[in-house]
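Now for the letters of each chain:
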Amino acid sequence: MPTVNGHIDSPLASRILSKDFYEPFMSQLSRRRIEDPIRALLPLEERPGVISLLAGKPNAETFPITAMQFSLRDPVTNEEVVVPLSEQELARGLQYGSSAGLPDLNDWLIGLQEHSHGRKRGEGWGLCFGMGSSDLIYKVCNALLDPGDVAMIEAPVYAGVVPMFHNTGCTMIEVGGDAHGTDTKGLREMLENWPAGKPKPKVLYTVPYGCNPTGVTSTLERRLEVLELARKHNFLIMEDDPYYYLYFGDAPRPPSYFTLERDQPEVGRVIRFDSLSKVLSSGMRIGFLSAPQPILDAVVLHTITSNLQPPTITMVLSLRLLKEWGYEKLRAHVDRVAQFYHAKRDVFERLMHKYLDGLAEWNTPEAGMFFWCV
């Protein structure tokens, strides 16, 4: 495909993978899910003038919470700001909501993805919510993997994801790495020598910034190689990225897979997981998924039949906070968070040199919260 200055010289719309492309990737369990007829009609309640008798919503007059406010530290001035919820915001937060999440927060975070990753609406992706990114990873595993399917997982890996893949009955294959990220040479050799007649892997799971537990941030070169291998060998990339905003390396932060795929010959292989846990609050349990619509639809159907919806009150609180700040103040906040962990890293590494030199080896992390000693 022709390129200009390293970018694909063809309209983006012509490179977006079609809905039909994802059909072979969907699991049998996902194909069997059916829509809840009541939940399917809930958006109609938003129409002006509609008096809904559809759902069994408790009467809000019986809720004992009558007002709510919180104090917020301004990331620029460091002053404490009192932020009250309006009557309408509180009422919304205390009631049932959409299984896909709060529409206004969805819109704000779509804007954040453009601000942070250069991805806009209409580029073959959408966004939905989960109770933390772990909830979304579990649901995507169930949406894509059948017993006997093959999933490639970077190793060492965060122990919490292993049961998620294991529970699908898939075959997990470890993909190693080094100080530069995913071992793309080994990955290429494995895929090019894949046994004839055996279905190739469906997905690669990766944590590209400050990986838990290795602390490694993948280089741009490794990321581009993974994207090329995904096209050549037809797999999807599960980009789990809770530490994206905790980058403090000396070099500019490498672009995310989500950013990079926009300039690839195909757009739509990256399934991106984000979380507010590391930068706002881990207890609020707000994760968000940026992915092609067929993947989002499968996840929302799973939500409807499992936990019904993400927590409305924490989505309302998150939205109120984010609207109070805007994108620039959020950036100032996450930069402060990154520098906090940068300082912690330096202190910890000084102590490691003091007590572990000659006994262990490690690479200095450029993001996240982890060292990996061998």
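Since the model is a prediction, treat every value here as computed from it, not as a measurement. (Residues numbered from 1 in each chain as written. Predicted model: local features only at pLDDT ≥ 70, side-chain atom pairs only at ≥ 80, totals over all residues. Heavy atoms only, no water.)

Moving on, we get to unusual backbone geometry. Cis geometry is found at the peptide bond from Ala155 to Pro156, where omega equals -5°. Its location among the elements puts Pro156 in the loop between β6 (150-154) and α6 (162-166). Of the consecutive residues Asn212 and Pro213, the connecting peptide bond is found in the cis state with omega at 15°. Here Pro213 is to be found in the loop between β10 (203-206) and α8 (220-233). (Helix = DSSP H or I, 4+ residues; strand = E, 2+ residues; numbered from the N terminus.)

Our focus in this paragraph is the nonpolar core. Core analysis: the biggest nonpolar cluster contains 86 residues, and Leu109, Val140, Leu144, Phe165, Met238, Ile271 and Leu289 have the highest contact counts within it. For this core, the leading source of residues is helix α11 (residues 312-356), giving nine residues. Here Phe165 is in contact with Cys141, Leu145, Ala151, Ile153, Cys170, Met172, Val203, Tyr205 and Met238, once residues within four sequence places are set aside. (Core = buried A, V, L, I, M, F, W, Y, C linked by side-chain atoms within 4.5 Å. Buried < 20%, exposed > 50% of the residue type's maximum accessible area, 1.4 Å probe, protein only. Contact = heavy atoms within 4.5 Å.)

Let us look at the state of the cysteines. Overall, the coordinates contain zero disulfides when judged by the stated rule. Summary of cysteine pairing: Cys373 is not part of a disulfide, and the nearest cysteine sulfur, belonging to Cys211, is at 15 Å. (Disulfide = S-S within 2.5 Å.)

In the contact formed by helix α5 (residues 133-144) and helix α10 (residues 293-305), the axes pass within 9 Å of each other and the chain directions differ by 110°. On the basis of their axis angle, the class for α5 and α10 is roughly perpendicular. For the pair α5 and α10, the contacting residues are Leu136, Tyr138, Lys139, Val140, Asn142, Ala143 and Leu144 in the first and Ile295, Ala298, Val299, His302 and Thr303 in the second. Residues that form the contact of α5 with α10 fall into these classes: eight nonpolar, three polar and one charged. (Axes fitted to C-alpha atoms, helices over the stretch in contact; angles between N-to-C directions. Parallel < 35°, antiparallel > 145°, perpendicular 65-115°, else oblique. Nonpolar A, V, L, I, M, F, W, Y, C, P; charged D, E, K, R; others polar.)

On to the packing of helix α7 (residues 184-192) against α8. The contact between α7 and α8 brings their axes to 10 Å, and the two run at 10°. Put simply, α7 runs roughly parallel to α8. Facing Thr184, Leu187, Arg188, Leu191 and Glu192 of α7, the residues of α8 in contact are Arg222, Glu225, Val226, Glu228, Leu229, Lys232 and His233. Among the residues forming the contact of α7 with α8, the class breakdown is four nonpolar, two polar and six charged.

For the coordinates displayed, the defined rule picks out 11 aromatic pairs. Ring centres of Trp125 and Phe258 lie 5.1 Å apart, and the angle between their planes is 90°; on these two criteria the pair is classed as edge-to-face. Residue Trp125 is found in the loop between α4 (103-117) and β5 (126-130), and its partner Phe258 is found in helix α9 (residues 257-260); the two are separated by 133 residues along the sequence. Residue classification places Phe258 among the buried positions, given a relative accessible area of 1%. Taken together, Tyr209, Tyr244, Tyr245 and Tyr247 form an aromatic cluster joined through their ring pairs. For the cation-ring pair, Arg223 lies above Tyr209, with the distance from its terminal atom to the ring centre recorded as 4.1 Å. It is Arg253 that lies over the ring of Tyr244; its NZ or CZ is 4.2 Å from the centre. (Phe/Tyr/Trp six-rings, centres within 6.5 Å; stacked < 30°, edge-to-face > 60°. Lys NZ or Arg CZ within 6 Å of the ring centre and 35° of its normal.)

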